[in-house]
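# Survey of secondary and tertiary structure
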Amino acid sequence: MVADPDRVYTLADLDDLNVAPVPLAVFGHPIKHSISPAMHNAALADMAAHDERFGDWCYYRFDIEPERLGDALKAFAERKFAGINLTIPHKVDAVDMVTAIETDAATMGAVNTLRLTPEGYHGHNTDGFGLERAIAENLDVSLADQSIVLLGAGGAARAAAVQCLRKGCKHLFIGNRSTDRLAGLIALLENALPHASVTGFPFSEVPEAALEADLIINATSAGLKPDDEPPVDLAQFRGKPKLFDMIYNPAEPCLVREARKLGWSAANGLEMLVWQGVRALEIWSETDVPAATMKRAAEGALTAH
Ligand code: NDP
């Protein structure tokens, strides 16, 4: 069967699939709503217009259950999939399944981009890059010297925290709902980056100094559902910070809406999704990637959903 980039496949389908000469894929569970195939295949079509090698590349989507991830990675390496993106729930589990891992991805404890080498898959994490680039593009802010409040302590927050600290933010305040997960992230950061300036807090007790922050980043899932409430009251922040929310669907999640009501600059996570994808395709193709094409395709795919 000729593989169709618009369809969702499973590991059981792999043997019967006739894929492009240079196949790429995203694994998730669920994966049906991923807009990554639309973004990557639009970029590859553009790239093929200038360099015919990319006419052989195609990006597919696979629903892989967490317990099948190890088997899937072996099977996809045998089938010579040149690159794999990983999304929920695979980013952390895959860390122990790759043959080598880039330093920041190891510190983040999560990989979202795998590149096939003769030894096996090498793990990278492009979420931190995507976040930094999106904040620069949308809010005109660089992370260095900023006092930053990060909301959340899950996988996305780990990548954000490491990126903020590596880029020399002035201080990082991390708030989370569950104290256990918060303590785990703080311990991980103190261990990996001993000189880092980090303070954890529960949402009910935002530290005084955090109220003067320059930038707030939401890495919680609060805002994914239309009736979600903001995890913290933004009105208590005095410094008119800028707000970046990693959520991109809906386009105006609750924190972005509240920030705009207060007259702050705010952006959703679409640009982050685009730039993590740009970086992944750069890693695989070792060439420049048309970011504007990827962004247009992402916007088009979201509208079509
Ligand atoms: P995880 O499941 O690993 O973490 C979820 C986080 O959200 C935890 O800190 C959790 O807190 C918190 N949370 C969940 N519900 C609520 C709530 N109602 N109120 C307050 N806190 C809540 O998910 P990820 O870290 O992978 O993803 C987080 C968000 O970031 C998602 O919305 C995801 O779509 C988005 N994302 C966007 C990307 C992009 O490219 N734009 C890339 C990656 C993620 P607790 O510990 O208390 O459960």
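Shown above is the structure to which this text applies.
Nothing here was measured: the structure is a model prediction, and the numbers come from that model. (Residues numbered from 1 in each chain as written. Predicted model: local features only at pLDDT ≥ 70, side-chain atom pairs only at ≥ 80, totals over all residues. Heavy atoms only, no water.)

A word on the sheet that holds strand β6 (residues 113–117). Reading across the sheet, the seven strands line up as β1-β3-β2-β4-β6-β7-β5 and stay open at both edges, with mixed pairing between neighbours. Single-partner strands in this sheet number two, and they are β1 (8–10) and β5 (100–101). In the sheet, strand β2 (residues 22–28) pairs with strand β4 (residues 83–86) via four bridges, with the strands oriented parallel. By the bridge assignment for β4, Ala 25 is matched with Ile 84. Contacts from helix α2 (residues 69–78) reach β2, β3 (57–63), β4, β6 and β7 (120–124), with the element oriented near 175° to β2. Strands in contact with helix α8 (residues 270–285) are β2, β3, β4, β6 and β7; relative to β6, the strand with the most contacts, it is inclined by about 5°. (Pairing = 2+ DSSP bridges. Helix = DSSP H or I, 4+ residues; strand = E, 2+ residues; numbered from the N terminus. Contact = heavy atoms within 4.5 Å. Axes fitted to C-alpha atoms, helices over the stretch in contact; angles between N-to-C directions.)

Inspection of the secondary structure puts Asn 268 in the loop between β13 (266–267) and α8. A polar contact of 2.8 Å, which involves the side chain of Asn 268, links it to the backbone oxygen of Ala 251. Side-chain polar atoms of Asn 268 contact the backbone nitrogen of Leu 270, separated by 3.0 Å. In contact with Asn 268, not counting residues within four places along its chain, are Asn 138, Phe 244, Asp 245, Ile 247, Tyr 248, Ala 251, Pro 253 and Val 256. (Polar contact = N/O pair within 3.5 Å; in protein donor to acceptor, adjacent residues only side chain to side chain.)

All right, on to helix α5 (residues 155–166) then. For α5, which comprises 12 residues, the first-to-last C-alpha distance of 17 Å matches the rise-based estimate of 16 Å (1.5 Å per residue) to within 8%. Taken together, the buried positions of α5 are Ala 157, Ala 159, Ala 160, Ala 161, Val 162, Gln 163, Cys 164 and Leu 165. Phi for Gly 168, located one or two positions after α5, is positive at around 80°. (Expected span 1.5 Å × (residues − 1). Buried < 20%, exposed > 50% of the residue type's maximum accessible area, 1.4 Å probe, protein only.)

Let us now look at the nonpolar core. Here is a general trend for soluble globular proteins: nonpolar side chains tend to be buried in one another's company. Grouped together as the largest cluster of nonpolar side chains are 33 residues, with contacts concentrated most on Leu 150, Leu 172, Ile 174, Leu 189, Ile 217 and Phe 244. At the level of elements, α4 (127–139), β8 (147–151), α5, β9 (171–176), α6 (179–192) and β11 (215–218) are the ones that each hand at least two residues to this core. In terms of residue count, the dominant contributor to this core is α5 (seven residues). If we skip the residues at most four places from it in the chain, Phe 244 touches Leu 131, Ala 134, Ile 135, Asn 138, Leu 139, Ile 216, Ile 217, Asn 218, Ala 267, Asn 268, Gly 269 and Met 272. Counting residues in each nonpolar core, the second largest holds 27 residues, with Ala 20, Tyr 60, Ile 84 and Val 111 among its members. (Core = buried A, V, L, I, M, F, W, Y, C linked by side-chain atoms within 4.5 Å.)

You can see Arg 53 is positioned in the loop between α1 (36–50) and β3. For the pair Arg 53 and Val 22, spaced 31 residues apart in sequence, the C-alpha separation works out to 9.4 Å. One polar contact links Arg 53 to Asp 51, side chain to side chain, over a distance of 2.9 Å.

Of all the five residues making up β7, five are buried; the element is thus mostly covered by neighbouring parts of the structure. As defined by bridge partners, β6 adjoins β7 across five bridges and the pair is classed as antiparallel. Bridge pairing in β7 places Thr 113 opposite His 124.

Moving on, we get to the site of the ligand. The full set close to the ligand counts 23 residues, and Ala 156, Asn 176, Ser 178, Arg 181 and Met 246 are the nearest of them. At 3.0 Å, a backbone N or O of Gly 155 approaches an oxygen atom of the ligand. Between the ligand and Arg 181, the relevant distance is 3.0 Å, taken from an oxygen atom to a side-chain nitrogen or oxygen of the residue. Contact with the protein chains hides 80% of the accessible area of the ligand, taken as 920 Å² for the molecule alone. Among the elements of the structure, α5 and α8 are those that each provide at least two residues to the shell around the ligand. When the residues that make up the shell around the ligand are grouped by side-chain class, the tally is 12 nonpolar, eight polar and three charged. (Near = heavy atom within 4 Å. Areas by Shrake-Rupley, 256 points an atom, 1.4 Å probe, with all protein chains shown as cover. Nonpolar A, V, L, I, M, F, W, Y, C, P; charged D, E, K, R; others polar.)

Two modes of strand pairing occur in sheets, parallel and antiparallel, and in both the strands are linked by backbone hydrogen bonds. With parallel pairing, the six strands of this open sheet are ordered in space as β10-β9-β8-β11-β12-β13. Each edge of the sheet is formed by a strand with only one pairing partner; in this case those strands are β10 (198–202) and β13. Two elements, β8 and β9, share five bridges in a ladder whose sense is parallel. Looking at β9, one finds that Val 149 is bridged to Phe 173.

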